[in-house]
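# A closer look at the structure
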Amino acid sequence: MTFYHECIGGELTLTKLGDTHMKAQFPPEKHGRMINSNLKNGAIEISASDWMASPDLEPIQGNTTAIFVIGQAYNELKVVFDKLSIGCKKSRFQELHDLPFGTYGQFYDKYGVQWIFKGDKRE
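This report concerns the structure included in the present document.

## Examining the sheet that holds strand β7 (residues 114-119)
Taken in spatial order, the four strands of this open sheet run β4-β7-β6-β5, and their pairing is mixed. Looking at which strands have only one partner, the edges of the open sheet turn out to be β4 (67-70) and β5 (94-99). On average, adjacent strands in this sheet sit at an angle of 15 degrees to one another, irrespective of strand direction. Note: β4 against β7, four bridges, orientation parallel.

See the structure below:
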């Protein structure tokens, strides 16, 4: 993300897993990984994270990409999230919930496409 920051400019926010309350859910060797990276410059916004799913889901070509939906209000995201997640794979489902960097949820839809949702923190 630092390379993209050099190219695009703007504000880069990096959040390591070890700096969040979620670290207890992962082994110590993953605490240095980025749970969320966000780069914003005007209307351009890029978000990414390091791979956290192994060993349950090892990264292979095809499962390391996702469609990322960014919204503001929880209620706005929830409507779309609920519609797209009908028939999704429940083993990888995460309902929309609050994390240190905002509202987050993800799932693999009935076609195997990964969807990641991020919104502002609920007040």
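There's plenty left to go through after this.
## Some words on the sheet that holds strand β3 (residues 44-48)
Read from one edge of the open sheet, three strands run β1-β2-β3, paired in antiparallel fashion. Each end of this open sheet is capped by a strand with a single partner; those strands are β1 (11-16) and β3. The average angle at which neighbouring strand axes cross in this sheet is 10 degrees, direction not considered. Pairing analysis gives five bridges linking strand β2 (residues 34-41) to β3, with the strands arranged antiparallel. Within the sheet, the bridge partner assigned to asparagine 41 lies in β3 and is isoleucine 44.

## Some points on the environment of phenylalanine 101
Here phenylalanine 101 is to be found in the loop between β5 and β6 (102-108). Classification of phenylalanine 101 by relative accessible area gives buried; the value is 15%. Sequence separation of phenylalanine 101 and lysine 118 is 17 residues, and the distance between their C-alpha atoms is 8.7 Å.

## Considerations on the pattern of salt bridges
Here the structure, examined in full by the defined rule, presents four salt bridges. Two residues, lysine 40 and glutamate 45, come together in a salt bridge whose shortest N-O distance is 3.5 Å. Glutamate 45 gets classed as partly exposed once you look at its relative accessible area, which sits at 28%. Through salt bridges with shared partners, a single network forms among Lys78, Asp82 and Glu95.

## Points about a nonpolar patch on the surface
Together, Ile67, Tyr111 and Val113 make up a nonpolar patch on the protein surface, roughly 300 Å² of accessible area in all. Along the polypeptide, valine 113 turns up in the loop between β6 and β7.

## Quick notes on the environment of glycine 87
Of note, glycine 87 is situated in the loop between α2 (74-84) and β5. The exposure class assigned to glycine 87 is exposed, which follows from its relative accessible area of 54%. Along the primary structure glycine 87 and lysine 110 are separated by 23 residues, whereas in three dimensions their C-alpha atoms are 5.2 Å apart.

## Considering α2
Residues of α2 that are buried include every one of Tyr74, Leu77 and Phe81, and no others. Down the axis, α2 shows its buried residues gathered within 65 degrees of arc, on one side only. Residues of α2 that are exposed and angled more than 90 degrees away from the buried face: Asn75, Glu76 and Lys83. The inward-facing, buried residues of α2 abut β4, β5, β6 and β7.

## A look at the side chain of threonine 15
Structurally, threonine 15 is set in strand β1. For threonine 15, a relative accessible area of 15% corresponds to the buried category. Setting aside anything within four residues of it in sequence, one finds threonine 15 in contact with Thr20, Arg33, Met34, Ile35 and Asn36.

About the thresholds
- Residue indices follow the written sequence of each chain, beginning from 1 at its first position.
- Local features in a predicted model are, by the rule used here, given only for residues with pLDDT of at least 70; side-chain atom pairs are given and counted only at 80 or more, and totals for whole chains, interfaces and linings are based on all residues.
- Based on all heavy atoms of the structure, the side-chain values leave hydrogens and waters out of the count.
- Each pair of strands is called paired provided DSSP finds at least two bridges between the two strands.
- Numbered from the N terminus, helices here are DSSP runs of H or I no shorter than four residues, and strands are runs of E no shorter than two.
- With axes taken as lines fitted to C-alpha atoms, and helix axes fitted only over the stretch in contact, angles between N-to-C directions fall between 0 and 180 degrees.
- Relative accessibility thresholds used throughout: buried, under 20% of the residue-type maximum; exposed, over 50%; partly exposed, between the two (1.4 Å probe, protein chains only).
- For this analysis, a salt bridge means a side-chain nitrogen from Lys or Arg found within 4 Å of a carboxyl oxygen belonging to Asp or Glu.
- Without a salt bridge and with relative accessible area above 30%, a residue can belong to a patch; like charges are then joined within 9 Å and nonpolar side chains (Val, Leu, Ile, Met, Phe, Trp, Tyr) within 5 Å.
- Calculation of accessible area relied on Shrake-Rupley with a 1.4 Å probe; when residues are assessed, cover is drawn exclusively from the protein chains displayed.
- Directions are taken from the helix axis to each C-beta atom, and the arc is the one they span.
- Residue contacts follow a heavy-atom distance rule, with two residues in contact if any of their heavy atoms lie within 4.5 Å.

Interpretation note: all reported values are geometric properties and have no functional meaning in isolation.
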